[in-house]
Amino acid sequence: MKYSQLVMISAYTVPEDGILMINIAAGEIDGSEEIEPCVAVVDLDVDDRVLGIEVLDQSKFDLDVVAAEFGIAELVPQIRAAIAVAKPGP
């Protein structure tokens, strides 16, 4: 599935929990898929488009594999750039 060029990818950390939140696109979450127990959760809209990824264990998370599985491989460079500048937040 293709994403609009207007997609603004961002990331932030939750330091006390070691969680990395990656926002891919705006939308209403319809469901989530767990990547291996306690590694990550991928939030999807009604069309199975990735809205965000909650990385629970960064040491076991493989962005390339997840991106390929969920059809967002073309967004990997933008996601990596967002992760590189992630700050505590939301």
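As the structure is a computational prediction, the values presented were derived from the model and not from experiment.

Conventions and cut-offs
Residues numbered from 1 in each chain as written. Predicted model: local features only at pLDDT ≥ 70, side-chain atom pairs only at ≥ 80, totals over all residues. Heavy atoms only, no water. Buried < 20%, exposed > 50% of the residue type's maximum accessible area, 1.4 Å probe, protein only. Helix = DSSP H or I, 4+ residues; strand = E, 2+ residues; numbered from the N terminus. Pairing = 2+ DSSP bridges.

A.B. asks: Is there a simple way to think about the pairing of strand β4 (residues 40–44) in this case?
C.D. replies: Across the five residues of β4, four count as buried, placing the element largely inside the fold. Two strands pair when backbone bridges link them, and strand β3 (residues 31–35) and β4 are joined in this way by five bridges, in the antiparallel orientation. Following the sheet pairing, Gly-31 is matched in β4 by Leu-44. As paired elements, β4 and strand β5 (residues 50–55) share five bridges and run antiparallel to each other.

A.B. asks: Looking at this structure, how should I read the environment of Ile-72?
C.D. replies: Here Ile-72 is to be found in the loop between α2 (63–69) and α3 (76–84). In this structure, the C-alpha to C-alpha distance between Ile-72 and Arg-49, residues 23 residues apart in sequence, is 8.9 Å.

A.B. asks: Teacher, can you tell me more about unusual backbone geometry here?
C.D. replies: Most of the time, phi is negative for any residue but glycine, and the peptide bond is trans. Non-glycine residue Glu-36 carries a positive phi angle of around 40°. Tracing the backbone shows Glu-36 in helix α1 (residues 36–39). Accessibility expressed as a relative area gives 56% for Glu-36, which makes it exposed. Positioned with a positive phi, Asp-48 is a non-glycine residue whose angle comes to about 60°. Within the secondary structure, Asp-48 is located in the loop between β4 and β5. With a relative accessible area of 52%, Asp-48 lands in the exposed category.

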